[in-house]
Amino acid sequence: MFTGIVEELGRVVRLETVEDCARLTVEAPTVTQDASLGDSISVNGCCLTVAAMHGNTFAADLMAETLTRTTLGSQAPGDPVNLERALRATDRLGGHIVQGHVDATAEVLDRSHGEHWDLLRVGLPQEIARYVAVKGSVALDGVSLTVVDVEDAQRDAPDASPTPGAGASLSVGLIPETLRRTTLGTRRPGERVNLEVDVMAKYAERLLGARLSEEDRQAC
């Protein structure tokens, strides 16, 4: 479990692909200081297990599900990655509860630059759009962010004819600290980021669905 507060910008050393899996090696002087084999480290928002260590680098194995659902399979040597060690029970929860279980990748649609902050808009896959709310939390590439706005073409205009390229999207504000310390400072339209919605929304839906099903059974 993580908080979405990036500790370090690591650097990809290599990505070795073998059939339907891969091994990712990352240079990370900070997060390797107290890391051990078996520890969890969030890499661009994806929870990975340390499988090997050498000096200030660590390696982690990527299974087929990880390669399919995240952007990690497209990493190249020299690429920066957001890193965060697992949360300790005594740590401050500075962001929100982030599992490191990426729900989908999202395309950066546009960004606008302000004097002191940037506004980033990314596409929101329709199947998880219901979990995102204005002023709620999301993790983009492992960074805990507050949702500024949500646009949902199907919800806002349910009777309108589909428009090519139209769909749901969310916007987040990036403060100077986020721009300096994470990969989001350099993400450009057309690039993809790992997206994890707030797990609390999933549990709320699950519990509500179970309750409604029970009420339906009792009514029969």
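Each remark here, short or long, concerns the structure printed above.
The paragraphs below set out a description of the structure included in this document. Since this is a predicted model, take the numbers as computed values, not measurements. (Residues numbered from 1 in each chain as written. Predicted model: local features only at pLDDT ≥ 70, side-chain atom pairs only at ≥ 80, totals over all residues. Heavy atoms only, no water.)

1. Digging into the overall build of the chain
Of the regular secondary structure elements, the chain holds 4 helices and 12 strands. Taken over 220 residues, the chain has a buried fraction of 40%. A separation threshold of at least 6 residues defines the contact pool for the chain, and within that pool the share at least 24 residues apart is 71%. Put simply, the chain shows about 12100 Å² of open surface, and 52% of that area lies on carbon and sulfur atoms. (Helix = DSSP H or I, 4+ residues; strand = E, 2+ residues; numbered from the N terminus. Buried < 20%, exposed > 50% of the residue type's maximum accessible area, 1.4 Å probe, protein only. Contact = heavy atoms within 4.5 Å. Areas by Shrake-Rupley, 256 points an atom, 1.4 Å probe, with all protein chains shown as cover.)

2. A word on the environment of glutamate 7
Of note, glutamate 7 is situated in the segment before strand E1 (8-18). Note: C-alpha distance between glutamate 7 and threonine 30 (23 residues apart in sequence) is 7.8 Å.

3. Focus: the pairing of strand E2 (residues 21-27)
Where E1 meets E2, 7 bridges bridge the pair, whose relative direction is antiparallel. Within the sheet, the bridge partner assigned to arginine 14 lies in E2 and is threonine 25. Two successive antiparallel strands, E1 and E2, enclose a turn made up of 2 residues, where glutamate 19 displays a positive phi of approximately 55°. Pairing analysis gives 6 bridges linking E2 to strand E5 (residues 57-62), with the strands arranged antiparallel. Opposite glutamate 27, over in E5, you have threonine 57 as the bridge partner. (Pairing = 2+ DSSP bridges.)

4. Considering the pairing of strand E9 (residues 137-140)
Direction of pairing for E9 relative to strand E10 (residues 143-151): antiparallel, over a ladder of 4 bridges. What sits directly across from serine 137, in E10, is threonine 146. Linkage of E9 to E10, two consecutive antiparallel strands, is achieved through a turn of 2 residues, within which aspartate 141 is found at a positive phi near 50°. Across 3 bridges, the pairing between E9 and strand E12 (residues 192-197) is antiparallel. Bridging from a neighbouring strand, alanine 139 pairs with glutamate 196 of E12.

5. Here's the deal with the nonpolar core
Leu124, Val138, Leu140 and Leu170 are the most contacted members of the largest nonpolar core, which has 25 residues in total. Where this core is concerned, the elements lending two or more residues are strand E7 (104-113), strand E8 (118-123), E9, E10, strand E11 (169-174) and E12. A per-element tally of this core places E10 first, with 4 residues. Of all hydrophobic cores here, the second largest spans 18 residues; its members include Ala22, Leu24, Ala28 and Val43. (Core = buried A, V, L, I, M, F, W, Y, C linked by side-chain atoms within 4.5 Å.)

6. Quick look at unusual backbone geometry
One non-glycine residue, asparagine 44, lies in positive phi territory at about 50°. Along the polypeptide, asparagine 44 turns up in the loop between strand E3 (40-43) and strand E4 (46-54). Given the relative accessible area of 0%, asparagine 44 is considered buried. Positive phi outside glycine occurs at lysine 135, with the angle close to 75°. Relative to the elements of secondary structure, lysine 135 occurs in the loop between E8 and E9.

7. Re a nonpolar patch on the surface
On the surface, a nonpolar cluster with roughly 270 Å² of combined accessible area is contributed by Met1, Leu93 and Ile97. You can see methionine 1 is positioned in the segment before E1. A relative accessible area of 52% means that methionine 1 is categorised as exposed. (Patch = residues over 30% accessible without salt bridge, like charges linked within 9 Å, V, L, I, M, F, W, Y side chains within 5 Å. Salt bridge = Lys/Arg side-chain N within 4 Å of Asp/Glu carboxyl O.)

8. Observations regarding the pattern of salt bridges
For the structure on display, the rule yields 15 salt bridges. Here arginine 14 ties to glutamate 16 by a salt bridge, and the two come within 3.7 Å at their closest N and O atoms. A relative accessible area of 38% means that glutamate 16 is categorised as partly exposed. Here arginine 23 ties to aspartate 61 by a salt bridge, and the two come within 2.8 Å at their closest N and O atoms. Of this pair, arginine 23 sits in strand E2 while aspartate 61 is found in strand E5, placing the two residues 38 residues apart along the sequence.

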